[in-house]
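The chain contents come next:
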Amino acid sequence: MVSYTQNELASATEISKQFGEYISKVKNGLVEKIGILKNNKLNAVILSVEEYERMAEAMDLIEDLSMYEELKDRLHTNKKLLDGNDVLKKHGLSLDV
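Definitions and cut-offs
- Residues numbered from 1 in each chain as written.
- Predicted model: local features only at pLDDT ≥ 70, side-chain atom pairs only at ≥ 80, totals over all residues.
- Heavy atoms only, no water.
- Pairing = 2+ DSSP bridges.
- Helix = DSSP H or I, 4+ residues; strand = E, 2+ residues; numbered from the N terminus.
- Patch = residues over 30% accessible without salt bridge, like charges linked within 9 Å, V, L, I, M, F, W, Y side chains within 5 Å.
- Areas by Shrake-Rupley, 256 points an atom, 1.4 Å probe, with all protein chains shown as cover.
- Salt bridge = Lys/Arg side-chain N within 4 Å of Asp/Glu carboxyl O.
- Lys, Arg positive; Asp, Glu negative; His and termini not counted.
- Charge placed at Lys NZ, Arg CZ, Asp CG, Glu CD.
- Buried < 20%, exposed > 50% of the residue type's maximum accessible area, 1.4 Å probe, protein only.
- Phe/Tyr/Trp six-rings, centres within 6.5 Å; stacked < 30°, edge-to-face > 60°.
- Lys NZ or Arg CZ within 6 Å of the ring centre and 35° of its normal.
- Axes fitted to C-alpha atoms, helices over the stretch in contact; angles between N-to-C directions.

Caption draft 1: A look at the pairing of strand S3 (residues 41-47). Direction of pairing for strand S2 (residues 33-38) relative to S3: antiparallel, over a ladder of 6 bridges. Within the sheet, the bridge partner assigned to Lys-38 lies in S3 and is Lys-41. Here S2 folds back onto S3, and the loop between the two strands holds 2 residues, one of which, Asn-39, carries a positive phi near 55°.

As structure tokens, then:
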């Protein structure tokens, strides 16, 4: 679970009144993130573009590693490999436009 300092939390009302100020804090690196509270519950997070892109790239890498591990496991076991066209047909789908 991610933790937040007091200066990294703001109510949705505060954010709506001082949006530019909060964006500047994140953009200029004064805070890493800002958690937006609605009814005292964390509802959303404001991140810098750089931080968001870093996280998105990390998630892509995790997904790629997961697929790599699955493929490696299938190659080293007797699991039947699936044909993509057969899977599409089974679900009534096609790559044809």
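Caption draft 2: Fine view of a negative patch on the surface. A cluster of like negative charges, contributed by Glu-50, Glu-53, Glu-57, Asp-60, Glu-63 and Asp-64, occupies part of the molecular surface. Along the chain, Glu-50 falls in helix H3 (residues 49-75). With relative accessibility at 58%, the residue Glu-50 sits in the exposed group.

Caption draft 3: Highlighting the packing of aromatic side chains. Counted according to the given criterion, the structure contains 0 aromatic pairs. The aromatic ring of Tyr-4 is capped on one face by Lys-33, whose charged end is 5.0 Å from the ring centroid.

Caption draft 4: Representation of the sheet that holds S2 in the model. Read across the open sheet, the 3 strands follow the order S1-S2-S3; overall the sheet is mixed. Looking at strand neighbours, the two that pair on one side only are strand S1 (9-11) and S3, the edges of this open sheet. Shown here is a sheet whose adjacent strand axes are inclined to one another by a mean of 35°, direction ignored. Of the strand pairs in this sheet, S1 and S2 are connected by 3 bridges, and their pairing is parallel. Following the sheet pairing, Leu-9 is matched in S2 by Gly-35.

The values reported here are purely geometric and, on their own, carry no functional implication.
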